[in-house]
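# Structural features, examined
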Amino acid sequence: MANQVSPRRPRMSRRLLSHNHPPSNTGVFAHGQLRIRGETPRPGLRLLTVLGELDLATSPLLDRVVRDSERIPAMVVDMSEVAFLGFAGVDVLVRAAERADDGRRRFAVVVSTRPTQRAFELTGAYAWIGCYPRLDMALRAVAE
């Protein structure tokens, strides 16, 4: 009986059922209190809108979505709807900006709320990342 195969179908793992799949043209990716809406408003531009809380537990999702979007020549990460930004989230953005520089791609971040501004000030991230107070300014910057 120990080697008997169960008649039940195997269940898919929760990881496979989650929303952490690579982005297509448009998609929503979620983990805990974090939501990332990815879209391609025009060819050659990836816009990631981040909503909720970005901390040590949720930053791997942002890292995965950003890395999967790096095949596109320009990327804007809109942080204007982030309620909390931890240093792990800032680190993901700094590393993404460094990779963009190395790959000769354009990368910008919208930093417009007090939580995001404070995290960027405390870490000195403004020195490494092209930051803009409004989405239209960031989109213009990566288009040039």
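Since the structure is predicted, the reported quantities are computational estimates derived from the model, not experimental observations. Along each chain, numbering runs from 1 in the same order as the chain's sequence is written. Where local features are concerned, this predicted model is filtered to residues with pLDDT of at least 70; where side-chain atom pairs are given and counted, the filter is 80 or more; whole-chain, interface and lining totals use all residues. Where side-chain values are given, they derive from all heavy atoms of the structure, hydrogens and water being excluded.

Moving on to the sheet that holds strand β1 (residues 26-31). Paired strands, as defined in this entry, are two strands with at least two bridges between them according to DSSP. Every helix listed is a DSSP run of H or I at least four residues long, and every strand listed is a run of E at least two residues long, numbered separately from the N terminus. Taking strand neighbours across the sheet as the criterion, the 6 strands line up as β1-β2-β3-β4-β5-β6 in an open arrangement whose pairing is mixed. Unpaired on one side and paired on the other, β1 and β6 (131-132) mark the two borders of the sheet. Bridge analysis of strand β4 (residues 74-85) against strand β5 (residues 106-110) gives 5 bridges, and the strand direction is parallel. For D78, the partnering residue across the bridge sits in β5 and is V110.

Below, the discussion takes up the nonpolar core. Residues V77, M79, L93, F107, V109, F120 and I129 are the most contacted members of the largest nonpolar core, which totals 30 residues. Put simply, the parts of the chain that give this core at least two residues each are β2 (34-42), β3 (45-54), α2 (59-68), β4, α3 (87-102), β5 and α4 (114-123). Examining the composition of this core, we find that 7 residues originate from one element, α3, more than from any other. L47, V76, V110 and V142 belong to the second largest nonpolar core, which has 8 residues in total. We call a set of buried Ala, Val, Leu, Ile, Met, Phe, Trp, Tyr and Cys residues a nonpolar core when their side-chain atoms join them within 4.5 Å. Buried means the residue's accessible area, taken with a 1.4 Å probe over protein chains only, is under 20% of the maximum for its type, while exposed means over 50%, and partly exposed covers the values in between.

Before going further, it helps to spend a moment on the packing of aromatic side chains. Any pair of Phe, Tyr and Trp rings, taking the six-membered ring for Trp, is counted once the centres come within 6.5 Å. Such a pair is stacked with planes under 30 degrees apart, edge-to-face with planes over 60 apart, and tilted for the rest. Tallied over the full model, the rule gives 1 aromatic pair. Ring geometry for F120 against Y126: centres 5.5 Å apart, planes inclined by 55°, an arrangement best described as tilted. Judged by its relative accessible area of 0%, F120 falls in the buried class.

Attention shifts here to the environment of E98. Assignment of secondary structure puts E98 in helix α3. In this structure the C-alpha to C-alpha distance between E98 and W128, which are 30 residues apart in sequence, comes to 7.6 Å.

As a further point, take the packing of α2 against α3. Contact pair α2 / α3: the axes reach a minimum separation of 9 Å and the direction vectors enclose 15°. Here α2 lies roughly parallel to α3, going by the angle between them. Considering the relative orientation of α2 and α3, their crossing is right-handed. On α3, the residues that touch S59, L62, D63, V66 and R67 of α2 are A88, G89, V92, L93, R95, A96 and R99. The nonpolar class holds Ala, Val, Leu, Ile, Met, Phe, Trp, Tyr, Cys and Pro. Asp, Glu, Lys and Arg form the charged class, and all remaining residues, Gly among them, are polar. When its residues are assigned to classes, the contact of α2 with α3 shows 6 nonpolar, 2 polar and 4 charged. Each axis is a line fitted through C-alpha atoms, taken for helices only over the stretch in contact, and angles between the N-to-C directions span 0 to 180 degrees. Our angle categories are set so that under 35 degrees counts as roughly parallel, over 145 as roughly antiparallel, 65 to 115 as roughly perpendicular, and the remainder as oblique. Two helices that cross are described as forming a left-handed crossing if the nearer one is turned anticlockwise from the farther one by less than a right angle, and a right-handed crossing if clockwise. When checking whether two residues touch, look at their non-hydrogen atoms; a contact exists if any pair is within 4.5 Å.

When β1 meets β2, the two strands line up antiparallel, connected through 6 bridges. The residue bridging T26 from the neighbouring strand is E39, located in β2.

Next up on the list: α2. It helps to recall that an α-helix has 3.6 residues per turn; residues three or four apart then point in one direction. The complete set of buried residues in α2 reads S59, L61, L62, D63, V65 and V66. Contacts from the buried residues of α2 go to β1, β2, β3, β4 and α3.

Put simply, α3 and α4 touch, their axes get as near as 10 Å, and they point 75° apart. Relative to α4, α3 is oriented roughly perpendicular. For the pair α3 and α4, the contacting residues are F87, V90 and L93 in the first and A119, F120, L122 and T123 in the second.

All we've got here are geometric facts, nothing functional implied.
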